[in-house]
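Examination of the molecular architecture
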Amino acid sequence: MTATHQLADAGFHAGELAVQHQAGVREQAARLSRMLEPAELSSGIAGFLAQRTLLVITGRDETGRLWTSPLTGPAGFLEVRSGTELAVHGGVPAGDPLHGMTTGQKIGTTSVEFASRRRVRINGTLTVATDDLLVIDIEQAYGNCPQYIQQRLLTPDTVRREQAATDVARRGTTLEPEHIALIRSADTFLLGTVHPQRGADASHRGGPPGFVRVDERGLWWPDYPGNNLFNSLGNLAVSPETALLFPDFTTGRTLHLSGTSRTEWGEAGRPGDDGRTGRIVRFDLASLTAARRLPVREVAHHPYPRNPVLTDERPDFDDRIPSAVPALRPGNRPAQGPGR
């Protein structure tokens, strides 16, 4: 048996191995491979989840399209059962692109406590899906480091909860100026990817406001140094399907994007490569949903102290918002070439 097969059996799939090899971090990643083995939730993770009020989930809608969505509820709405199941009380609300998702599919989730910059990822198979309850048969569960998580203190907001219950989601295929403004001001988004056999994954991404760019070539962001597992980029190396969720914690609005992505490799430190990894990710939009889905209000905010500095910042950047971005319409891919 080759070393590659041994690593794959330990948890990494071919896409993750390929990206680790290209990045030159195979040995470092191998030391962490046991994180991806089948897991039973520890009492520590179970206790962490019991106090959370937000879970981000990546899965497919009734048509098979990939989306990433926020699920919210009071502390206790996430319940660990026998260490092998996660129950989400409340289900997926009407109007969300994942409302009506079918059972039997593999889904990915992540729960973030912004105040302490802690997060846990849980992946598994959806076995129950009703309007009031989701049940996930857990296959992977592991914590992630606090890198790039902006520290936030969030409090429940009853007015926004009522707005979320009655809000009509807006769907489309083209980014409008208000969507572009939200993306350009974001310091946090959630990234959903999928592997045809291993299933879906939901991952946190953070940086300084403006780290996700929207320009004449489309939407893209730099890949920062991380744990070297490359779960997300490894999935993209096998399947380009991508779902993005941009939450606005100041207004309660959410922007869901679904499409495809690809990783571009180039010279480390070139303009826009803020993390100096040589990697940027370009996204092509196929469908979007804009809604008011976060019944919380931000009362304090402290940026992650080691966010990379933007390396292509221009004084007039935020003012140059086009009425539409042709490169983000379906079937019109941004031109290939060196990343900015």
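Because the structure is a prediction, the values reported are computed rather than measured.

**Structural notes on the overall build of the protein chain**
Scanning the protein chain from N- to C-terminus turns up seven helices and 17 strands. Counting only residues that meet the buried cut, the protein chain has 53% of its 340 residues in that class. Put simply, 72% of the contacts in the protein chain that link residues at least 6 apart link residues at least 24 apart. A total of about 14,300 Å² of accessible surface is found on the protein chain, and carbon and sulfur atoms cover 51% of it.

**A closer look at the pairing of strand β13 (residues 218–222)**
With five of five residues buried, β13 is to be regarded as a mostly interior element. Bridging between strand β12 (residues 213–215) and β13 involves three bridges; their strand directions are antiparallel. Each residue of the ladder has a partner; that of D215, found in β13, is G218. With antiparallel pairing between neighbouring strands as the criterion, β12 and β13 make up a hairpin whose turn holds two residues. Where β13 meets strand β16 (residues 279–292), four bridges bridge the pair, whose relative direction is antiparallel. Paired with W221 across the two strands is V281, which belongs to β16.

**Some words on unusual backbone geometry**
Although it is not a glycine, F230 adopts a positive phi angle of roughly 55°. Structurally, F230 is set in the loop between β13 and α7 (231–238). Classification of F230 by relative accessible area gives buried; the value is 11%. The phi angle at R276 is positive, at roughly 55°, despite the residue not being glycine. Structurally, R276 can be placed in the loop between β15 (253–265) and β16. According to the relative accessible area criterion, R276 is exposed, its value standing at 58%.

**Quick word on the sheet that holds strand β4 (residues 85–89)**
A sheet is described by the order of its strands in space; here seven strands give the open sequence β2-β1-β5-β6-β7-β4-β3, paired in antiparallel fashion. Every other strand in the sheet has two partners, leaving β2 (66–72) and β3 (78–81) as the edge strands with one partner each. The mean inter-strand angle of the sheet, taken between neighbouring strand axes irrespective of direction, is 30°. Note: strand β5 (residues 106–113) against strand β6 (residues 118–129), eight bridges, orientation antiparallel. Across the sheet, K106 pairs through a bridge with T125, a residue of β6.

**Things to note about the packing of aromatic side chains**
For the structure shown, the criterion picks out seven aromatic pairs. Here the aromatic rings of Y148 and Y304 are separated by 5.6 Å at their centres, their planes lie at 70°, and the arrangement is edge-to-face. Taken together, the positions of Y148 in the loop between β7 (133–144) and β8 (151–156) and Y304 in the segment after β17 (296–302) put the pair 156 residues apart, joining distant regions of the chain. Classification of Y148 by relative accessible area gives buried; the value is 12%.

**Considerations on helix α2 (residues 14–23)**
Where α2 is concerned, the buried positions are G15, E16, L17, V19 and Q20. Looking one or two residues past α2, G24 carries a phi angle of roughly 75°, positive in sign.

Parameters at a glance
- Residues numbered from 1 in each chain as written.
- Predicted model: local features only at pLDDT ≥ 70, side-chain atom pairs only at ≥ 80, totals over all residues.
- Heavy atoms only, no water.
- Helix = DSSP H or I, 4+ residues; strand = E, 2+ residues; numbered from the N terminus.
- Buried < 20%, exposed > 50% of the residue type's maximum accessible area, 1.4 Å probe, protein only.
- Contact = heavy atoms within 4.5 Å.
- Areas by Shrake-Rupley, 256 points an atom, 1.4 Å probe, with all protein chains shown as cover.
- Pairing = 2+ DSSP bridges.
- Axes fitted to C-alpha atoms, helices over the stretch in contact; angles between N-to-C directions.
- Phe/Tyr/Trp six-rings, centres within 6.5 Å; stacked < 30°, edge-to-face > 60°.

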